[in-house]
Amino acid sequence: MSLLEVRNLSVRFSVRTGVFSRSRAWLQAVDGASLDVEAGTTLGLVGESGCGKSTTARAILRLVEPDTGSVVLGGQDVRALEGPALRRFRRHMQVVFQDPMSSLDPRRTAFQAVSEGLEVHGICPAPRRRDRVAEIFRRVGLSGEHLDRHPHEFSGGQRQRIGIARALAVEPRLLILDEPVSALDVSVQAQVLNLLEDLRDERGMGYLFVAHDMGVVRHFCDRIAVMYLGRIVEEGPAEDVCRTPLHPYTRLLIDSVPALGARAGTVSVASGELPSPLAPPSGCAFHPRCPLAVPDCSAVRPELEVVDGNRRVACPRYRF
Amino acid sequence: MSTLLSVEDLGVSFATPEGPLRAVDGISLSVERGAVLGLVGESGCGKSATASALCGLLPPGARTTGSVRLSGRELTSLSEPDWRSVRGRRISMVFQDPMSSLNPLLSVGEHLVETLRTHQNLSRAAAREASVGWLRRVGIPDPAARLASYPHELSGGMRQRVMIALALCPGPDLLVADEPTTALDVTIQAQILDLLATLRGELGMTMIFITHDLGVVERVADRIVVMYAGRVAEEGAAARILSAPRHPYTRGLLDSVPGFRPRTGRLPSIPGAVPSRRDWPSGCRFHPRCAHADAVCGESVPAAPGPDGGAACFHPAGVP
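What you see is a predicted model, and the numbers here were worked out from it, not measured in a lab.

(A) Summary view of the overall build of chain A. The helix and strand tally for chain A stands at 10 helices and 12 strands. Against the compact-globule benchmark of 20 Å for 320 residues, chain A has a radius of gyration of 21 Å, which places it among compact chains. With respect to the principal axes defined by its C-alpha atoms, chain A has extents near 70 × 50 × 45 Å. Out of the 320 residues belonging to chain A, those deemed buried represent 48%. Of the contacts made within chain A by residues no fewer than 6 positions apart, 64% connect residues no fewer than 24 positions apart.

Now the structure itself:
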C-alpha cells in the first residue's frame, strides 16, 4: 500500500460570473484525480496556472474540502477526520509554500515559527524546545544565531529553509511542496532542492511536489503526474514522461520549455490558450488545441489507461 | 553592422534614507543594429536598473553616471521633455506585467490609437486601421473586435501581445524587453518568444532582452551579458557563453539549472547567496562564493570584459 492514496478526488468552487452579477457557476477545479505517493519518493504534480494542481494539494491537506473522492494517508482516511482528531493528524502531513514571506508571521521570530508545531502537537517539552529547534535549524543549513531573527531579516533562500524547518519539526510522513523553489534565484534554488532531497532520503518522507517548471520536476521527481484543466492526463516515471511524453499536452508542455541545448525553431507552438475552466471543452478538454484531435475527441472524455505497465495516459490517440 | 546603442561605464544609484545605494556599478555594453542582446542575472544584479536607465525611467532621486549613446546621441543628460521624444519613438519597453503597464480604463483600441497619434501624424480613422493591423501582426484573433476590449478582459498572453504592439507601433530603433515572458505559462511563453522572433525578422528589430532564465535567453539572444552584483561578469556570443562559459559564476549558474538533461546525481549549486547591494564584497564580488578564488580576488577588481567579450575574472576557464 502506498503512503498516500488519492482516489477520484474532485473539488469544485462556486464562483460569481460577473462583477455585479448574482448568478453563480461551478468551477470544477479538480475532476476525478487519482494518485499515489510512495514513502521515500517524490511525485511531481505539474501543469499550467489554473490546472488544479495546487487545489489538489490543498484538498489532500483538507485546506479546501473535496466534493468527492478519498484521501488515505498511512492507512488513515483523511476525509473521515474532524475537529481535534484532524488537528492531531495534521502533524503527519505538512506543507511548504512558494512564498515563505507570506506564510511566515512577520512579528514572530524564526524560533517561534518553528516551535509552534512542537507545542501544538506536544512533541517536545518546553524546556527542550530551543535545543530541538536549533538542531533542526542546523539540519536545514541555518545556525543558532538565526533563531531570534524575524522573517524580514532573512534572504529568500533562508526564509524557505525556515519554512522547511517548520514543516520538518513535527516529523511528517508526507510533505507537500507547493512551488517551493519558484521564487528563488537559480543559484539558491539548487541548494534548496539538494536539501529537500537529502531530507527525504534521511527520513523516508513521501513528497508531493507541485510545480510548473518541467526542468525542476524532471530533476527532482521519481514520478510525474501532468494535469490539464482539473484532470490528470498522464502519469509515469519522470524520466520516461520527459523523454517520451505520450499525451499531446505533455508533449506541448515539454516542447515549450526553453531548454538549454534545444535551439530556437525546433518547437511546435500550439495555437490557442488555456480555455476557461468555467466552460471546459467537451470530451477531451485539450481537443481544441490538440494536433492529433479527431471528431471523436470532442465527444468522448478519455480515461487514464495503463501503458507499458507503469505509465498512464488519457488519450486514445497517443500512438499517432 | 553598425552600433545602435553604446553604454560606457554606466552607474546607477538610488536615493535611500541611509544614503545613495549603488545598483549598477560601471557597466559597458553595446548593441549592434538588428541584434538581440540578452542581459542575464539573478535578482538584485542590476539588470532592471540598467533597463530603467536606458529608458529614462529611473525614479526621482536616482543618479546616473557614465554614458548611454543611441545612434551617437547622449541620453543620460536628457531632460524629461527631451525624453518624451525619445521614449516610445526611439526606445520602447515591454515589461513583465502588462496589467500594470496598461490603463485599466482605456480599451485596447484607445491605447493603440493614442500611441499611434502621439508619434505619427495620423487621422483617427487611419490610426484605427493601423491599430487593427498591429493587433493582427501580434497574433490577436479577430483584431477589429478586440479594439473594444479592456485589459482585464484579456488573458495574460493576449495582454503581452497588446503591449508588444504598443511598444512597436511607433517604430522604435530599440526595444527593451524586461522579463516579458516571466509571468506567463510556459506554453504561452513559447508563443510570445516565437512572436518576437517573427517580428524581429519582419522589422529588423534591435532588442535588449532582460531575463533570469538561461533557457529563454538561449532562444532569443545573439550576444549575452551576464551581470553579477552590479557589474558585468561575462560577455560574449550567446553560443560561446552557453557552451563554454569562462566566468565561474556563469559556469555555476548554467550548472545549477535543473536542465533538460537526464539527471546525473546531485544538482551542482553555488554556495552562499546573492550579496545585497548594501553589502557588496570587496575585489571581485563573486569571490566569497567562488571555488577558484585566491587572495588577489578579494583585493583587486578584475578588469571588465573588453569589446570582444570575455570574463571579468582573474582565473577564467578555458584561457591559458
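(B) Representation of the overall build of chain B. In terms of helices and strands, chain B carries 12 helices and 11 strands. Expected size for 320 residues packed as a compact globule is a radius of gyration near 20 Å; at 21 Å, chain B falls within 12% of this value. Dimensions of chain B, computed from C-alpha atoms along their principal axes, come out at roughly 70 × 50 × 40 Å. Within chain B, the proportion of its 320 residues that are buried is 46%. By sequence separation, contacts in chain B at least 24 residues apart represent 64% of the contacts at least 6 residues apart.

(C) View of unusual backbone geometry. All names here are of chain A. Although it is not a glycine, Glu-171 adopts a positive phi angle of roughly 55°. Structurally, the position occupied by Glu-171 is in the loop between α6 (156–169) and β7 (174–178). Here Glu-171 falls in the partly exposed class, since 15 other C-beta atoms lie within 10 Å of it.

(D) Representation of the confidence of the model for chain B. Residues of chain B with pLDDT of at least 70 account for 97%, and the chain-wide mean is 92. For this predicted complex, the interface score ipTM comes out at 0.83, while the overall pTM is 0.88.

(E) Spotlight on helix α10 (residues 248–256) of chain A. Counting buried positions along α10(A) gives seven out of nine residues, so the element sits mostly inside the fold. For α10(A), the elements touching its buried residues are α8 (214–220), β9 (223–228), β10 (231–237) and α9 (238–243) of chain A together with α8 (186–203) of chain B.

(F) Structural context of the packing of α10(A) against α8(B). Packing of α10(A) against α8(B) brings their axes to within 8 Å, and their N-to-C directions diverge by 55°. Between α10(A) and α8(B), the angle is such that the two are oblique. When you trace α10(A) past α8(B), the crossing you get is left-handed. Facing α10(A), whose interface residues are A:Leu252, A:Leu253 and A:Ser256, α8(B) presents B:Val186, B:Thr187, B:Gln189 and B:Ala190. A class-by-class count of the residues in the contact of α10(A) with α8(B) yields four nonpolar, three polar and no charged.

(G) The pairing of strand β3 (residues 36–40) of chain B, seen in detail. All names here are of chain B. With five of its five residues buried, β3 lies for the most part within the structure. Here β3 shows no split at all, with Val-36, Gly-38 and Val-40 on one side and Leu-37 and Leu-39 on the other all buried. Note: β3 against strand β9 (residues 223–228), four bridges, orientation parallel. By the bridge assignment, Val-40 is partnered in β9 with Val-226.

(H) Layout of the interface of chain B and chain A. The interface of chain B with chain A comprises 38 residues on the first partner and 33 residues on the second. Elements that contribute at least two residues to the side of chain B that touches chain A include exactly α8, α9 (214–220) and α11 (248–256) of chain B. Element by element, the count of residues in the side of chain B that touches chain A is highest for α8(B), at nine residues. Grouping the amino acids of the side of chain B that touches chain A by side-chain chemistry returns 18 nonpolar, 12 polar and eight charged.

Definitions and limits used
- Residues numbered from 1 in each chain as written.
- Chains lettered and ligands numbered in written order.
- Predicted model: local features only at pLDDT ≥ 70, side-chain atom pairs only at ≥ 80, totals over all residues.
- Helix = DSSP H or I, 4+ residues; strand = E, 2+ residues; numbered from the N terminus.
- Rg over C-alpha atoms; globule rule 2.2 N^0.38 Å.
- Buried ≥ 20, exposed ≤ 12 C-beta atoms within 10 Å, placed from the backbone.
- Contact = placed C-beta atoms within 7 Å.
- pLDDT = per-residue confidence, 0-100.
- Axes fitted to C-alpha atoms, helices over the stretch in contact; angles between N-to-C directions.
- Parallel < 35°, antiparallel > 145°, perpendicular 65-115°, else oblique.
- Left-handed = near helix turned anticlockwise from the far one by under 90°.
- Nonpolar A, V, L, I, M, F, W, Y, C, P; charged D, E, K, R; others polar.
- Pairing = 2+ DSSP bridges.

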